[in-house]
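Chain by chain, the residues run as shown.
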Amino acid sequence: MPNNAAANTPVEYAADLYNVKEVTLHGTADLSFWEAVLRKENLLPYKEAGRAVLRLSAIDAKWRGFKFREFGIAIGICLNEDEMSLDGYYLPYAFNSSKFLAFSARMFFRTPYFHGDIRLENKLPASIKLQDRTEVLLHARMSIPGTPPVVEYLEWKGPIFLPDNRGKYFLLLAGEADLYPFSPETDQFELKPSARHQIFQQLIDSNFVGSVWSLRNKSRHAKSKTYKEISK
């Protein structure tokens, strides 16, 4: 699970959230699949052991009096052809539990947010559940681990690129995390294809496999405005 910081230039954050509860499932998927997807965006996937790197993350937070939950799917990218450094992420899809905030994100920030029912539990056994109307699109749940977590303070900052060349924003993620290995034998991970949201079929077609759970109870999530320019 890489932890590089691509941007060293000071960034002014439009939203800076503290005490965010977070459950993230890091994983990998077929490199050739995401190379083809990212080629249309003029981006290159970051890779580990010949696989693309993805993160599926759910948060529970509060912003300007609004309590909300978010779920996002992001693919690691690099800005050089050697594909050796995690320089940012491509965000093809995200959900917000608030219809108002999802609409605002699409209209004012050009980010690909949709309304969804998001449930997360960042204590053992941790879980993420995403539902669109009556349809459960994703359900991931840890089994009770047999060993204690690796506890680390992790910080990442860098650009988040948006679909269809709509621009980019900058993100800072920081906080102490409990890290557990994903267990394919005992952990639960279910995806359901959706006619409304093609990203879940893409996760299935690219053979997404979990690798590491990251649980944070008081993390910081800071986000800049969206910039139209996507120069890398």
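Residues numbered from 1 in each chain as written. Predicted model: local features only at pLDDT ≥ 70, side-chain atom pairs only at ≥ 80, totals over all residues. Heavy atoms only, no water.

## Brief notes about the sheet that holds strand β9 (residues 127-132)
Item 1. One open sheet accounts for 4 strands, arranged β8-β9-β10-β13; its pairing is antiparallel. Whereas interior strands pair on both sides, the edge strands pair on one side only; in this sheet they are β8 (117-121) and β13 (188-191). Taking each pair of neighbouring strands and ignoring which way they run, the sheet shows an average axis angle of 10°. (Pairing = 2+ DSSP bridges. Helix = DSSP H or I, 4+ residues; strand = E, 2+ residues; numbered from the N terminus. Axes fitted to C-alpha atoms, helices over the stretch in contact; angles between N-to-C directions.)

## Focus: the pattern of salt bridges
Item 1. Throughout the structure, instances matching the rule amount to 8 salt bridges.
Item 2. As a salt-bridge pair, E22 and R216 come within 3.3 Å of each other at their nearest N and O atoms. Here E22, found in strand β1 (residues 13-30), pairs with R216, found in strand β14 (residues 209-224); they are 194 residues apart in sequence, far enough to count as distant. As far as the burial class goes, E22 and R216 line up, both buried.
Item 3. Between E135 and K192 there is a salt bridge, and its shortest N-O distance comes to 3.7 Å. Of the two residues, E135 sits in strand β10 (residues 135-141) while K192 sits in the loop between β13 and α3 (199-205), which places them 57 residues apart along the sequence.
Item 4. Assessed through its relative accessible area of 24%, E135 is described here as partly exposed.
Item 5. Overall, K192 belongs to the partly exposed group, its relative accessible area being 40%. (Salt bridge = Lys/Arg side-chain N within 4 Å of Asp/Glu carboxyl O. Buried < 20%, exposed > 50% of the residue type's maximum accessible area, 1.4 Å probe, protein only.)

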